[in-house]
Amino acid sequence: AVLVALPAAAVAQAPWSPPAASDADREVVAAYQRMLDALVRRDTLALRRVLAPGYLFTRGTTGEVAGAAERVRMAADARPDGLSVLRVDGCRTQRHGDAAVATCRVLERGTTAQGRPFHGTVAATVVLVRGSDGEWRVAATHTSPLPGYT
């Protein structure tokens, strides 16, 4: 297992001590960050490009499961000011040929539909697959808020 850390603001959880990451590990984490960036920008084209066929999203707080089409629709329908930050704070990755599993911390910030600000860190388990074009795509994500999420 390799830990990949990207620069981020300090968080309340214990710091991660990342060893040197390989280029392949950085590619895996970069693919996940592209997905997060597409969600913040509500960029449905970029989101479709980074999601693997059959993508599944499981929300840890409710157990709700959404497929790729629903996740893209959620992004398209989101309030412009709903998500302002989704940033990978660190990941532990395991690669298995053309598949990878990453356990990440993600910093979130935004505003609810009711206008209430939220922020905190979520734990995310991410499954990625490498396509025939060599690009990593996100096949599944599961997120759960960590203590201190408000």
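Cut-offs used in this document
- Residues numbered from 1 in each chain as written.
- Predicted model: local features only at pLDDT ≥ 70, side-chain atom pairs only at ≥ 80, totals over all residues.
- Heavy atoms only, no water.
- Salt bridge = Lys/Arg side-chain N within 4 Å of Asp/Glu carboxyl O.
- Helix = DSSP H or I, 4+ residues; strand = E, 2+ residues; numbered from the N terminus.
- Buried < 20%, exposed > 50% of the residue type's maximum accessible area, 1.4 Å probe, protein only.
- Expected span 1.5 Å × (residues − 1).
- Pairing = 2+ DSSP bridges.

Draft legend 1. Up close: the pattern of salt bridges. This structure, assessed with the given rule, holds eight salt bridges. Note that Arg26 and Asp23 form a salt bridge whose closest N and O atoms lie 2.5 Å from each other. In this pair, Arg26 and Asp23 are both assigned in helix α1 (residues 23-41), three residues apart and thus about one turn of the helix distant. The exposure class of Asp23 is exposed, given its relative accessible area of 55%. Asp133 is paired through a salt bridge with Arg137; the nearest N and O atoms lie 2.7 Å apart.

Draft legend 2. Spotlight on α1. A rise of 1.5 Å per residue sets the reference length of α1, with its 19 residues, at 27 Å; its end C-alpha atoms lie 26 Å apart and thus fit the reference within 8%. Within α1, the full set of buried residues consists of Ala24, Asp25, Val28, Val29, Ala31, Tyr32, Gln33, Met35, Leu36, Ala38 and Leu39. Arg42 lies just past α1 and shows a positive phi near 60°.

Draft legend 3. A look at the pairing of strand β2 (residues 51-59). Pairing of β2 with strand β7 (residues 136-145), which is carried by five bridges, proceeds in the parallel orientation. Bridging across to β7, Leu56 finds its partner in Ala140. Between β2 and strand β3 (residues 65-67), which follow one another and run antiparallel, lie five residues, and Gly63 among them has a positive phi close to 80°.

Draft legend 4. Layout of the pairing of strand β5 (residues 99-111). Both strand β4 (residues 83-96) and β5 contribute to a ladder of twelve bridges, which runs antiparallel. Its bridge partner lying in β5, Gly90 is registered against Arg105. Taking the residues that link successive antiparallel strands as the turn, the β4-β5 hairpin has two residues, and the phi of Gly97 there is positive, at about 65°. The sheet contact formed by β5 and strand β6 (residues 117-130) spans 13 bridges and is antiparallel. Bridge pairing links Ala100 to Leu128 in β6.

Draft legend 5. Seen up close, unusual backbone geometry. Phi is positive for Arg42, close to 60°, though the residue is something other than glycine. Residue placement: Arg42 occurs in the loop between α1 and α2 (44-50).

Draft legend 6. Local environment of the environment of Gly131. Relative to the helices and strands, Gly131 is located in the loop between β6 and β7. In this structure Gly131 comes out as partly exposed when scored by relative accessible area, which is 29%. The sequence separation of Gly131 and Ala99 amounts to 32 residues, and the corresponding C-alpha distance is 9.4 Å.

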